[in-house]
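Notes for the structure review
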2 protein chains.
Amino acid sequence: MSKPDYFEDFEVGATQKFGRYRVTREEILKFAAKYDPQPFHLSDEAAARTLFGSLCASGWHTCAMLMSMIVENMRGANKGALGSPGIDEVRWTKPVFPGDTLRVESTILDKKESRSRPEIGTVYMQNKVYNQNDELVMSNKPMVMFRKRNPG
Amino acid sequence: MSKPDYFEDFEVGATQKFGRYRVTREEILKFAAKYDPQPFHLSDEAAARTLFGSLCASGWHTCAMLMSMIVENMRGANKGALGSPGIDEVRWTKPVFPGDTLRVESTILDKKESRSRPEIGTVYMQNKVYNQNDELVMSNKPMVMFRKRNPG
């Protein structure tokens, strides 16, 4: 089956599984230093004094790694995607540690044609990110706009 | 007034204004190449064919820049923050373009003591990110856990 690309291609209830993102300590530190320099994202000692227990990735870094897996999965099927107006229910359920390997399960929750723009529609998804122990580390519910293959 | 740090310091209804983040084309391209390599985040030509009109930052990049301004603002008041279990209603309302300068208005919506952990509580916030023309480019509603200054 080819990957969904245009609005019509998305089937409510369908799930795609994809991605394999190896999380390195170096990348965690680099992202955190630039965008989220809180002590528990920069130092094992500081993290040991928190609920995290040891150095872990910024939640925004996990979002970015998820996006990277999504775009990688869209490769060859990126003519329809028009970006996202927003995301609901971002949840960080477990810390992401150096050495973790992440993967994604993405389910289509709903889809709606635009009333004002007949050539596009919005697809409502739920992404779940798991680590190598099949623990859910993050989830979110994005809205994504897609072109129609056959507008009107 | 000193910056809020511990759970007790946050006053429901209070708003802080802070941040000044100059968005460069180079940083937009670097973030997008690594985490969100969709054509409209990498090329003016591709972006011209979308609703964005011209090259704009990944929404996840805007989230990361917001976080950077938040952590910068917490400087000297970061003993209480314990990270976030999640974020609601992330909304990207306008594209962020090269040359934009972003700032934040952050309002405390609510706060709740933890029932299971008497030493911590959760603060519910709304962040709004504006560009140099005072246009709202992004908003979200994070939950953030804080230590209490005086537990029990």
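Before going into details, it helps to say that this report is about the structure given with it. Just so we're clear, the structure is a prediction, and the values are computed from it rather than from any experiment. All chains use their own residue numbering, which begins from 1 and follows the written sequence. Think of it this way: whatever chain is written first is A, whatever ligand is written first is 1, and the rest follow in order. Given that this is a predicted model, residues contribute local features only at a pLDDT of at least 70 and side-chain atom pairs are listed and counted only at 80 or more, while totals for whole chains, interfaces and linings are drawn from all residues. Where side-chain values are given, they derive from all heavy atoms of the structure, hydrogens and water being excluded.

**Comments concerning the pairing of strand 3 (residues 101–113) of chain A**
Residue and element names in this part refer to chain A. Here is the rule: At least two DSSP bridges between two strands are needed for those strands to be called paired. Strands are runs of DSSP state E lasting at least two residues, helices are runs of H or I lasting at least four, and both sets are numbered from the N terminus onward.
Direction of pairing for strand 1 (residues 15–22) relative to strand 3: antiparallel, over a ladder of six bridges. Looking at strand 3, one finds that T15 is bridged to T107. The pairing of strand 3 with strand 4 (residues 120–130) spans ten bridges and is classified as antiparallel. When the bridges of strand 4 are listed, R103 appears paired with Y130. Connecting strand 3 to the next strand, strand 4, in antiparallel fashion are six residues.

**A short note on helix 3 (residues 59–73) of chain B**
All names here are of chain B. Heads up, the rule is: The length a helix should cover is 1.5 Å for every residue beyond the first. When accessible area is computed with a 1.4 Å probe and restricted to protein chains, residues below 20% of their type maximum are described as buried, those above 50% as exposed, and intermediate ones as partly exposed. Throughout this description, a polar contact denotes any pair of N or O atoms lying within 3.5 Å of each other; where both atoms belong to protein, one of them has to be capable of donating a hydrogen while the other can accept it, and for residues adjacent in sequence the pair is counted only when both atoms sit in side chains.
Compared with the 21 Å implied by 1.5 Å per residue over 15 residues, the 21 Å span of helix 3 between its first and last C-alpha is a close match. The element helix 3 is extensively covered by neighbouring structure, given that 14 of its 15 residues are classed as buried. Measuring from the backbone nitrogen of W60 back to the side-chain oxygen at the start of helix 3 gives 3.1 Å, which picks out S58 as the cap.

**So, the relation of the copies chain A and chain B**
Rule in force here: In superposing the copies, a least-squares fit is computed on C-alpha atoms, taking residues whose pLDDT is at least 70 in both. Whether two residues are in contact is decided by their heavy atoms, any of which lying within 4.5 Å being enough.
Laying chain A over chain B is done by rotating through 180° and shifting 0.0 Å along the axis; what remains is an RMSD of 0.0 Å. Both copies of the chain, as the preceding transformation shows, are related through a two-fold rotation axis. Nearest to the rotation axis, the C-alpha of D88 of chain A is located 2.6 Å from it, this being the minimum over chain A. Taken as a fraction of all interface residues of chain A, those also at the interface in chain B reach 100%, which identifies the copy contact as same-surface.

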